[in-house]
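In case you want the letters, here they are:
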Amino acid sequence: MLTLLLSSSDSDIAYAAKLLQEGETVAFPTETVYGLGACIFDEAAVKKIFAAKGRPSDNPLIAHISAPEQAAEIARDIPTEYDVLSEAFFPGPLTVVLRRKSNVPAIVSGGLDTIAIRMPAHSAALKLIEQAGQPVVAPSANKSGRPSPTCAKHVLDDLNGEIAAVIDGGECDVGIESTVVSLIDLERPPVILRPGSISAEEIAAALQCSVEYSTDKDVAASPGVRYRHYAPNAKVELVFPMQKIPEIGNCSVVLASSPPQEIPSSAEFRFLSAATLYAELRRADKKNVSAIFILLTPDITAQTGLMNRLTKAACIADEPQK
Ligand code: TXA
Ligand code: MG
């Protein structure tokens, strides 16, 4: 299959929506990362997503909606907390886990009776979902285990020939995936299953209640966070500002939020932010660098979502590898 590279023009988006309605998979930009979409009620199309990504079937997908009320088409027993969070953060980088309606194919949720929902803040994504006429499920549009794509080229690097089309919407603003919060058990505070750019504090302030981070038991309820993610081929080391960056191999990269005072002669400085992280990991893989040093300055360590991805890239997060 030839993968079409589409623009974000209205006519190209209309064509992409037609492909979705015909049961194809289409990658599209969001403010976080690119997603690989299929119509939620088309089980055969949803299966194509798992096949193209090489994604384990117990790893549930996020349903993307174009208006907060659309959640009622696919979720039941929606608590008022959903209304508060959607009012505060939709469209935006927040995913809310609710109870799944039985009309949604079980494969979408990896067999769970819940459904993750988000309304992306990107005009091309919103138009595409609206014209598809139903929620669009979309994991990040990368091969499983690769960094999420933050531009159309990354999508083609991983999935060219395996998906019908990709809509080019330029580079993603946020650069790391949405915060995932579960509202399933209202006997206890909402649980952050995956940190992102919307912080636990912001969610707690909107809901005026405390918010917890996930425990091992919650992770069993969100299989995706358990899989190995984002580890590039190069050795990744997190370095504190006072530490000296060692000389390793003949080609290494220092990622920092501003140029460090001292770097080894064989190393190259590259600018680090949430928006650039995945592109830098992909670039390092392409250049075959021997080591990536990440300078943990306070402006970096203050970003919980970014720190979560950095510890995963460095393989110091506790995850069984699959
Ligand atoms: O920013 C994002 O969220 C991007 C863009 C494309 O929207 N999507 C994304 O999808 O990151 P994916 O499939 O790569 O990650 C989905 C995450 C996984 O950690 C998965 O376990 C969790 O959401 N998830 C999905 N459905 C869930 C459910 N029903 N219950 C708990 N966790 C769920
Ligand atoms: Mg992903």
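Residues numbered from 1 in each chain as written. Chains lettered and ligands numbered in written order. Predicted model: local features only at pLDDT ≥ 70, side-chain atom pairs only at ≥ 80, totals over all residues. Heavy atoms only, no water.

### A short note on the pairing of strand E7 (residues 114-118)
Right, so step 1: Taken across its five residues, E7 has five buried, putting it largely inside the fold.
Right, so step 2: Burial of the side chains of E7 extends over both faces: Thr114, Ala116 and Arg118 are buried on one face and Ile115 and Ile117 on the other.
Right, so step 3: Summarising the sheet, strand E4 (residues 62-64) and E7 pair through three bridges and their orientation is parallel. Counterpart to His64 in the pairing with E7 is Arg118. (Buried < 20%, exposed > 50% of the residue type's maximum accessible area, 1.4 Å probe, protein only. Helix = DSSP H or I, 4+ residues; strand = E, 2+ residues; numbered from the N terminus. Pairing = 2+ DSSP bridges.)

### Here's the deal with the domain arrangement of the chain
Right, so step 1: Entries for the chain in the domain assignment read domain 1 (4-221) and domain 2 (235-313).
Right, so step 2: For domain 1 versus domain 2, the distance between C-alpha centres works out to 29 Å.
Right, so step 3: Between domain 1 and domain 2, the residue contacts involve 22 residues of the former and 13 residues of the latter.
Right, so step 4: When domain 1 packs against domain 2, close to 1,300 Å² is buried across both sides, 51% of that on carbon and sulfur atoms.
Right, so step 5: Interface area lost by domain 1 to domain 2 is led by Pro147, Ile176 and Pro195, which between them contribute 39%.
Right, so step 6: At the junction of domain 1 and domain 2, the tally comes to four salt bridges.
Right, so step 7: Across the domain 1-domain 2 interface, the total number found is seven residue pairs in polar contact (both at pLDDT 80 or more).
Right, so step 8: Top element by residues in the side of domain 1 that touches domain 2 is helix H5 (residues 152-159). It accounts for four residues. (Domains from an automatic or database assignment. Contact = heavy atoms within 4.5 Å. Buried area = accessible area lost by both parts, 1.4 Å probe. Salt bridge = Lys/Arg side-chain N within 4 Å of Asp/Glu carboxyl O. Polar contact = N/O pair within 3.5 Å; in protein donor to acceptor, adjacent residues only side chain to side chain.)

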